[in-house]
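Observations on the three-dimensional arrangement
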Amino acid sequence: DIELIPEPVVLVADNLRGMHPLVKATEEDLSGGHVDTHGRLYQWKQQGLDVHVSKAQVKRALRIMNALVRKLEELGFSVGVGGNGGRERESWVLIDGERVQLKLRELSRMIRDPKPDRYGRRNCTYEPTGRLELSMNEYIDTGSIKRVHDRLPKKPIESQLGQFIVGLHACAQ
């Protein structure tokens, strides 16, 4: 039987003062990252959290992750990075002895070229949308949430972090 924890209040600061060390490492990863085909910054030698966003969303993503990591630790959970013998980039939270992977991504949209190429194919490109999605990789159907995403303008991720923590805890159980 799964017991849900009360939904915690998570306040996201409007600045980056007092960054958690994992968030600071994430900032360093993103500042040295390359842009992928979806317009998101990507770093192969990632030391920080699993965050892939465009340059325009970096500060917001760092503020969100800083608030989330600090609240998780305040609740007695551990947050870390690395896995699979160091070969796999991942960030995770340890809850009651169970590791649950989590990641923050910026959603992108596909743009089809209106004209087909010389072979009749329509090429496509991707562009970042400015909308973020926070999700967990492991998931058992507990009736709780697996991901939260921006439902702009009325429900940004910042207002859903407490619900996400409840979902992480349910998944760990």
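Now for a look at the structure at hand. (Residues numbered from 1 in each chain as written. Predicted model: local features only at pLDDT ≥ 70, side-chain atom pairs only at ≥ 80, totals over all residues. Heavy atoms only, no water.)

**What about the overall build of the protein?**
Looking only at helices and strands, the protein features three helices and eight strands. In the protein, the order of α-helices and β-strands from amino to carboxyl end is α-β-β-β-α-β-β-β-β-β-α. By the burial criterion, 42% of the 173 residues in the protein qualify as buried. Approximately 9,900 Å² of the protein is accessible, and the part contributed by carbon and sulfur atoms is 49%. With 27 positive and 24 negative side-chain charges, the protein shows a spacing of 9 Å between the two charge centroids. (Helix = DSSP H or I, 4+ residues; strand = E, 2+ residues; numbered from the N terminus. Buried < 20%, exposed > 50% of the residue type's maximum accessible area, 1.4 Å probe, protein only. Areas by Shrake-Rupley, 256 points an atom, 1.4 Å probe, with all protein chains shown as cover. Lys, Arg positive; Asp, Glu negative; His and termini not counted. Charge placed at Lys NZ, Arg CZ, Asp CG, Glu CD.)

**Observations concerning the pattern of salt bridges**
Evaluation of the coordinates by the stated rule reveals eight salt bridges. Ionic pairing is found between Lys-71 and Glu-74, a salt bridge with its closest N-O pair at 3.0 Å. On the criterion of helical spacing, the pair formed by Lys-71 and Glu-74 is a turn pair, its members being three residues apart in helix H2 (residues 58-74). Of the charged contacts, one joins Asp-117 and Arg-121 as a salt bridge, the two residues approaching to 3.4 Å between their closest N and O atoms. Residue Asp-117 is classed as partly exposed on the basis of its relative accessible area, which comes to 22%. (Salt bridge = Lys/Arg side-chain N within 4 Å of Asp/Glu carboxyl O.)

**Examining the pairing of strand E6 (residues 98-112)**
Of the pairings in the sheet, the one linking strand E3 (residues 51-52) to E6 comprises two bridges and is parallel in character. Note that in E6 the partner of His-52 across the bridge is Arg-105. As defined by bridge partners, E6 adjoins strand E7 (residues 124-136) across 10 bridges and the pair is classed as antiparallel. Opposite Leu-102, over in E7, you have Met-136 as the bridge partner. (Pairing = 2+ DSSP bridges.)

**Thoughts on unusual backbone geometry**
In the Ramachandran plot, Asp-96 falls in the positive-phi region, its phi being about 50° despite a non-glycine side chain. Along the chain, Asp-96 falls in the loop between strand E5 (88-95) and E6.

**Details of the nonpolar core**
Core analysis: the biggest nonpolar cluster contains 36 residues, and Met-65, Val-93, Leu-134 and Leu-168 have the highest contact counts within it. Looking at this core, the elements that each hand over two or more residues are helix H1 (21-31), H2, E5, E6, E7 and helix H3 (161-172). Considering every element that reaches this core, the biggest residue donor is H2, with nine residues. Apart from the residues within four sequence positions on either side, Leu-168 is in contact with Leu-72, Val-93, Ile-95, Val-100, Leu-102 and Met-136. (Core = buried A, V, L, I, M, F, W, Y, C linked by side-chain atoms within 4.5 Å. Contact = heavy atoms within 4.5 Å.)

**Things to note about H1**
Within H1, burial applies to Leu-22, Val-23, Ala-25, Thr-26, Asp-29 and Leu-30. When H1 is viewed along its axis, its buried side chains cluster within an angular range of 155° and face the same direction. Opposite the buried face of H1, at more than 90 degrees from it, the exposed residues are Pro-21, Glu-28 and Ser-31. (Arc of directions from axis to C-beta.)

**Quick notes on the environment of Val-23**
By the secondary structure assignment, Val-23 is in helix H1. Considered as a pair, Val-23 and Val-69 are 46 residues apart in the sequence and their alpha carbons are 8.3 Å apart. With residues near it in sequence (within four places) discarded, Val-23 still touches Leu-49, Leu-62, Met-65 and Asn-66.

**Re the side chain of Arg-60**
With respect to the helices and strands, Arg-60 occurs in helix H2. Judged by its relative accessible area of 14%, Arg-60 is buried. Within the structure, the side chain of Arg-60 is placed 3.5 Å from the backbone oxygen of Gly-130, a separation counted as a polar contact. (Polar contact = N/O pair within 3.5 Å; in protein donor to acceptor, adjacent residues only side chain to side chain.)

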